[in-house]
Number of protein chains: 2
Amino acid sequence: MAIAKKISESMNKSSFIRKMFEEGARLKALHGAENVFDFSLGNPNLVPPPEFKAALFEAVEESGAGTHSYMPNVGYPFVRKALAEYLSIEHGIGLGENDLIMTCGAAGALNVVFKTLLDPGDEVLTPAPYFVEYNFYVDNHGGALKTVTTHSDFTLDLPAMDEAITEKTKAVLINSPNNPTGQIYSKESLDALGALLREKGKAFGRTIYLISDEPYRKIVYDGQQVPSIFSSYTETIIATSYSKDISVPGERIGFLAVHPGATFKSELLSGMALCNRILGFVNAPALMQRVMGKIQGVTVDITQYEKNRKLFCEGLARAGYDFTVPPGAFYLFPRSPIEDDVAFVRELQEELILVVPGSGFGGPGHFRIAYCCDEASIVKALPGFQKVMAKYK
Amino acid sequence: MAIAKKISESMNKSSFIRKMFEEGARLKALHGAENVFDFSLGNPNLVPPPEFKAALFEAVEESGAGTHSYMPNVGYPFVRKALAEYLSIEHGIGLGENDLIMTCGAAGALNVVFKTLLDPGDEVLTPAPYFVEYNFYVDNHGGALKTVTTHSDFTLDLPAMDEAITEKTKAVLINSPNNPTGQIYSKESLDALGALLREKGKAFGRTIYLISDEPYRKIVYDGQQVPSIFSSYTETIIATSYSKDISVPGERIGFLAVHPGATFKSELLSGMALCNRILGFVNAPALMQRVMGKIQGVTVDITQYEKNRKLFCEGLARAGYDFTVPPGAFYLFPRSPIEDDVAFVRELQEELILVVPGSGFGGPGHFRIAYCCDEASIVKALPGFQKVMAKYK
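As the structure is a prediction and not an experimental result, all values here were calculated from the model.

Draft legend 1. Broad picture of the overall build of chain A. Of regular secondary structure, chain A possesses 13 helices and 12 strands. Relative to the compact-globule value of 21 Å for 393 residues, chain A shows a C-alpha radius of gyration of 21 Å, a close match. Taken over the C-alpha atoms alone, chain A extends approximately 60 × 55 × 55 Å along its principal axes. By residue count, 52% of the 393 residues in chain A fall in the buried class. Relative to all contacts within chain A whose residues are 6 or more apart in sequence, the contacts with residues 24 or more apart total 76%.

Structure, rendered in C-alpha cells:
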C-alpha cells in the first residue's frame, strides 16, 4: 500500500459526498458560480464584528519580542483568565483559568478530548443526526462512535439513550444547537441526561463523561437560550470554538473547559495539555489567542441569519416541505419527499440548488440547507425548491 | 481509569524531564528569574524580521469578508502558489501549488504524514539523538519509532541504517539541521541514504518514504548549506515550519511538500488533505497563511545566534568540554564528563544553569544547551560551567 489502508478506505467511503461536491463545481463552471445556489457549506458569510478587527489591529501593534513565541501549551494565562471571567458569568459557575485550555478550534479540541479519554474498545454515543466528522475524531484515537436516535423534531430521546449506554460507554457527545438540525436541547432534557449518566456511571463503576460541542451557542433565534451543560452534570467537558460567534473559522481558535467540580479534573487537564502538545497542535495560534482575550462576549450580528431563516422557512412551508423550525445554528434539515435523499438532492441540483443529503449526517430521508449565505440566492432558489417538490405533491 | 491508560503512562514516563523543569522553576522563584541561566528551551528569542510585521499589518488591513473563512483544507491556492515558486528555486526542482499543503507547524505536518502513511505495525526509523516528540507523533497513529545510531559527530551512519531497515520499515525520518545536535547531513550521505532506500524498497517490494523535518534549514553558520533532500531521493516528503525562520513558533504555521516525482503523489496528497482535516487541524491558520504568502524567503537575522554559538563554543572549550561544533540550529550537545547525564545536569543546576539531559533526546551521556537566548546570560553562566567541569578534570 502507498498509504495506510484505513485512510485509503476513508477516501473511498466518502466518495458519494465528494461526487456531490464535484457535481456542484461542474455546475458552477458550466452556468457561472453566481447562477448556482450553494447551500451546501457551513462557512459563515458574515463579516467578523468590528470589535474583532479593532482587537486584531491592537494585537498587531503590540507585536514584538515574545508575542509570537511558544507560550504554555494550554495557552496564555492572561487570555485564559479573561475567558474564565466571561464563562463564569455565562455559565453561572466559578471557573478558573486552569480549568481551560486554548485549542485549534473545536475540531482540535475534540481530538484532544478523545485522545485523552479513550482506551481501545471504548465507545462514544452521540444523538443522530450528527456532524459525521465525529466518526473520525473518535476513531483517530481508537474508540468507536455509536449513534442514538432522537425524536422526530431531533430533541433528545432519553429512553433510547438509556438503552444505548453500556459498560463500554466512555462518553456521550452532544452538539446543541445542532449541526445539521439547528435543534437546541432543553434544560429539562439535559438534567435528565445528567441524571442518567450519574446512574449508569454508578451501575458500571466508571465515570461517563458528557462532552458538549457548542460552536453555535451564540447563533440562536426568537430569544432562545442554550442552557449551560455545567448545571446538569459534573463530569462535563465543553469543546468549542469562536468560528461562528466571530465568523472566523479559518483562524482555528477555540477552547476546552472542564467542569470545576469534575472528579478527575486534574488528570483530565494534565492529560489534555499533553495531548494538545503531542497531537501536533502544540498550542492554539498565539495572535488569535491574544485577539480573543480582548473581545470576550463579542458576537457577530445575526440579523441576516435570522432574515435568511425566515425567508427559507416561509418559502419551504409554502412549497409544502416538512421541517422543524430550527431554534439555533444556521441550518435547516427538511424531510425529503422521497425516501432516497441522495436522489432528491440530485433533483435539486437540476435546479442549480446545492444542498447535502441527510445520509451524510446520519439522518437519511432528509437534506441539509446551510443558510449562512446571501439573501438574494435564497430568493432566487425558492422557485426551484417549489418546482421539485411539486412533482411529489 | 479516569483517562486513557496510555496517556496516564506517558505522563508518568516523562516525569524526570518534568521534575527538571520544576526544579528550574523553583530555582527561579528562589533566586529571581534573572539570576537563573535558562538554556533548556528551544524558544527562539529573536524578534521576527521587520518584513513580518509589515506583512501582518497589510494582511490585517485587508481583513474583511471571507479573509477569516474556511478555505480549502490544504490552504489558500495563492499562498501555495507563492510558496511553490519560492521552493522551486530553493530546491532546484519544479514544484506546483498542488504539491503543497499548508499546516499547523511542523508538529502538525508530521502528525498528518504519519496518520496518512502508517498501518498498524509499521515502523519509522530515525537517527539518534533525536527530538523525542517523534515517539508520540508515530505512536499516535499506530506505528513504532525505532532509533538508529549515528557517528560520534552525529552524522549519518549508513551501515547502521542499512542494518536497521526491515520489511516493517515504512519511512525514515530525518531532521537536519538536527535538534539536539545542530548537525547537518551532507549531500553525499543523503545521496547514499536515498540509494539505500531505493535498494531496500525494491528488496522488500514496498515504497520506503523519506520524511525530512527541517525547521532549522535557515539557521546555519559559516556559509554552510543544507542540501535539498529532493535531489537525493524521489519518495520524499518535507514537513516543516516557519517557526524558526521567522521566529513565530506560537503561530503554528508550516507546510508539507511532496516530491513532484513521488510514485504515489496523488494518493499521498489526497490522504494528507483528508488527515489534515480529520485530525482537527482543518486548515492552517488563515491570517498566518496570508502573511507567509507575502514574505517567502524572508529569514530572521541570525547574527545573534552566531555570536552566542561562538561565545559558548569558546567558553566550553576553555573549560574542557568535549563537543562537536554545530554547523546549524541553535543547540550544542556536549558530552557529559560523567556517564550519568541526569546527575551532571543536576550539578549544573546548583550553579543555577538549566540544560536538558541527553537522555531526553535518545543521547545519554550528553546534555543539550539551547543558545537562542540573550548573550549576557551566557557570559554570566560560563564560570558555572567551568566550575562543575573542574571537578572531573
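Draft legend 2. Just the relation of the copies chain A and chain B, in detail. With an RMSD of 0.0 Å, the operation that places chain A on chain B is a rotation of 180° combined with a shift of 0.0 Å along the axis. Viewed as a symmetry operation, the transformation between the two copies matches a two-fold axis. Same-surface contact between copies: 100% of interface residues of chain A are shared with the interface of chain B.

Draft legend 3. A look at the pairing of strand S3 (residues 123-127) of chain A. All names here are of chain A. Counting buried positions along S3 yields 4 of 5 residues, so the element is predominantly enclosed. The pairing of S3 with strand S4 (residues 144-148) spans 5 bridges and is classified as parallel. What sits directly across from Glu123, in S4, is Ala144.

Draft legend 4. A look at the sheet that holds strand S12 (residues 367-370) of chain A. All names here are of chain A. Strand order in the open sheet formed by 3 strands is S9-S12-S11, with antiparallel pairing between adjacent strands. Taken across any chain shown, the strands that pair with only one partner, and hence form the sheet edges, are strand S9 (331-332) and strand S11 (356-357). For S9 and S12, the ladder comprises 2 bridges, and the chain directions are antiparallel. Bridge pairing links Leu332 to Ile369 in S12.

Draft legend 5. Representation of the nonpolar core in the model. Judged by nonpolar contacts, the single largest core of 246 residues is most densely connected at A:Val113, A:Leu256, A:Tyr371, B:Val113, B:Leu256 and B:Tyr371. Each residue touching A:Tyr371, except ones within four places of it in the same chain, is listed here: A:Phe39, A:Tyr305, A:Asn308, A:Arg309, A:Phe312, A:Phe330, A:Leu332 and A:Ile378.

Draft legend 6. The arrangement of the sheet that holds strand S12 (residues 367-370) of chain B in detail. All names here are of chain B. The strand order across the open sheet built from 3 strands is S9-S12-S11, with neighbouring strands paired in antiparallel fashion. Strands with a single pairing partner mark the edges of an open sheet, and in this sheet they are strand S9 (331-332) and strand S11 (356-357). As defined by bridge partners, S11 adjoins S12 across 2 bridges and the pair is classed as antiparallel. Following the sheet pairing, Val356 is matched in S12 by Arg368.

Draft legend 7. Main features of helix H12 (residues 341-350) of chain A. Residues and elements named next belong to chain A. Burial in H12 covers these residues: Asp341, Phe344, Val345 and Leu348. What you see down the axis of H12 is that its buried residues fit within an arc of 100°, all on one side. Exposed residues lying more than 90 degrees from the buried face of H12 are Ala343 and Glu350. Downstream of H12 by one or two residues, Leu352 has phi in the positive range, about 65°.

Draft legend 8. Expanded view of helix H13 (residues 375-390) of chain A. Residues and elements named next belong to chain A. The terminal C-alpha atoms of H13, which comprises 16 residues, lie 23 Å apart, in line with the 22 Å expected from a rise of 1.5 Å per residue. Bending of H13 peaks at approximately 35° at the position of Ala381, with proline Pro383 no more than four residues after it. Along H13, the residues classified as buried are Ile378, Ala381, Phe385, Val388 and Met389. The inward-facing, buried residues of H13 contact strand S1 (37-38), helix H11 (303-319), H12 and strand S10 (353-354).

Draft legend 9. Structural view of the domain arrangement of chain A. Residues and elements named next belong to chain A. Looking at the assigned domains, one finds that chain A contains domain 1 (5-48 + 301-390) and domain 2 (50-294). For domain 1 versus domain 2, the distance between C-alpha centres works out to 27 Å. Taken together, the contact between domain 1 and domain 2 spans 25 residues of the former and 30 residues of the latter. Of all the secondary structure elements, the ones that give two or more residues to the side of domain 1 that touches domain 2 are H11 and S9. By residue number, the principal contributor to the side of domain 1 that touches domain 2 is H11, which donates 3 residues. Tallied by class, the residues present in the side of domain 1 that touches domain 2 amount to 14 nonpolar, 8 polar and 3 charged.

Draft legend 10. Representation of the pairing of strand S7 (residues 236-241) of chain B within the structure. Residues and elements named next belong to chain B. Counting buried positions along S7 yields 6 of 6 residues, so the element is predominantly enclosed. Burial along S7 is two-sided: the face carrying Thr236, Ile238 and Thr240 and the face carrying Ile237, Ala239 and Ser241 are both buried. The pairing of strand S6 (residues 209-213) with S7 spans 4 bridges and is parallel. Bridge pairing in S7 places Asp213 opposite Ala239.

Draft legend 11. Seen up close, the interface of chain A and chain B. On the chain B side, the residues contacting the 60 residues of chain A number 61 residues. For the side of chain A that touches chain B, the secondary-structure elements that each account for two or more residues are helix H1 (5-13), helix H3 (50-61), helix H5 (105-117), helix H6 (133-139), helix H9 (265-278) and helix H10 (286-294) of chain A.

Draft legend 12. Structural context of the packing of H1(A) against helix H9 (residues 265-278) of chain B. Following both chains from N to C, one finds H1(A) and H9(B) inclined at 85°, their axes separated by 10 Å at the closest point. Our classification of the angle between H1(A) and H9(B) gives roughly perpendicular. For the pair formed by H1(A) and H9(B), the contact residues are A:Ile7, A:Ser10 and A:Met11 on the first element and B:Ser270, B:Gly271, B:Leu274 and B:Cys275 on the second. Partitioning the contact of H1(A) with H9(B) into residue classes produces 4 nonpolar, 3 polar and no charged.

Draft legend 13. A look at the environment of A:Phe204. Residue and element names in this part refer to chain A. Turning to its location among the elements, Phe204 is positioned in helix H8 (residues 187-204). Its 14 C-beta neighbours within 10 Å are what place Phe204 among the partly exposed residues. Between the alpha carbons of Phe204 and Thr166 there is a distance of 7.9 Å; along the sequence they are 38 residues apart.

Draft legend 14. Focus on unusual backbone geometry. Across the junction of A:Ala128 and A:Pro129, the peptide omega takes the value 0°, indicating a cis bond. Looking at the secondary structure, you find A:Pro129 in the loop between S3 and H6. Although it is not a glycine, B:Asp222 sits at a positive phi angle of roughly 55°. Within the secondary structure, B:Asp222 sits in the loop between S6 and S7. Overall, the presence of 9 C-beta atoms within 10 Å leaves B:Asp222 in the exposed class.

Draft legend 15. Quick peek at the environment of B:Asp341. All names here are of chain B. Within the element layout of this structure, Asp341 appears in helix H12 (residues 341-350). For the pair Asp341 and Asp191, spaced 150 residues apart in sequence, the C-alpha to C-alpha distance is 34 Å. Apart from the residues within four sequence positions on either side, Asp341 is in contact with Ser336, Pro357, Gly358, Ser359, Pro364, Gly365, His366 and Phe367.

Draft legend 16. Up close: the confidence of the model for chain A. Across chain A, the average pLDDT comes to 96, with 99% of residues at 70 or higher. For this predicted complex, the interface confidence comes out at an ipTM of 0.97, alongside a pTM of 0.97.

Procedures and definitions
Residues numbered from 1 in each chain as written. Chains lettered and ligands numbered in written order. Predicted model: local features only at pLDDT ≥ 70, side-chain atom pairs only at ≥ 80, totals over all residues. Helix = DSSP H or I, 4+ residues; strand = E, 2+ residues; numbered from the N terminus. Rg over C-alpha atoms; globule rule 2.2 N^0.38 Å. Buried ≥ 20, exposed ≤ 12 C-beta atoms within 10 Å, placed from the backbone. Contact = placed C-beta atoms within 7 Å. Least-squares fit on C-alpha atoms with pLDDT ≥ 70 in both. Pairing = 2+ DSSP bridges. Core = buried A, V, L, I, M, F, W, Y, C linked by C-beta atoms within 7 Å. Arc of directions from axis to C-beta. Expected span 1.5 Å × (residues − 1). Bend = angle between axes of the 7 residues up to and from the residue. Domains from an automatic or database assignment. Nonpolar A, V, L, I, M, F, W, Y, C, P; charged D, E, K, R; others polar. Axes fitted to C-alpha atoms, helices over the stretch in contact; angles between N-to-C directions. Parallel < 35°, antiparallel > 145°, perpendicular 65-115°, else oblique. pLDDT = per-residue confidence, 0-100.

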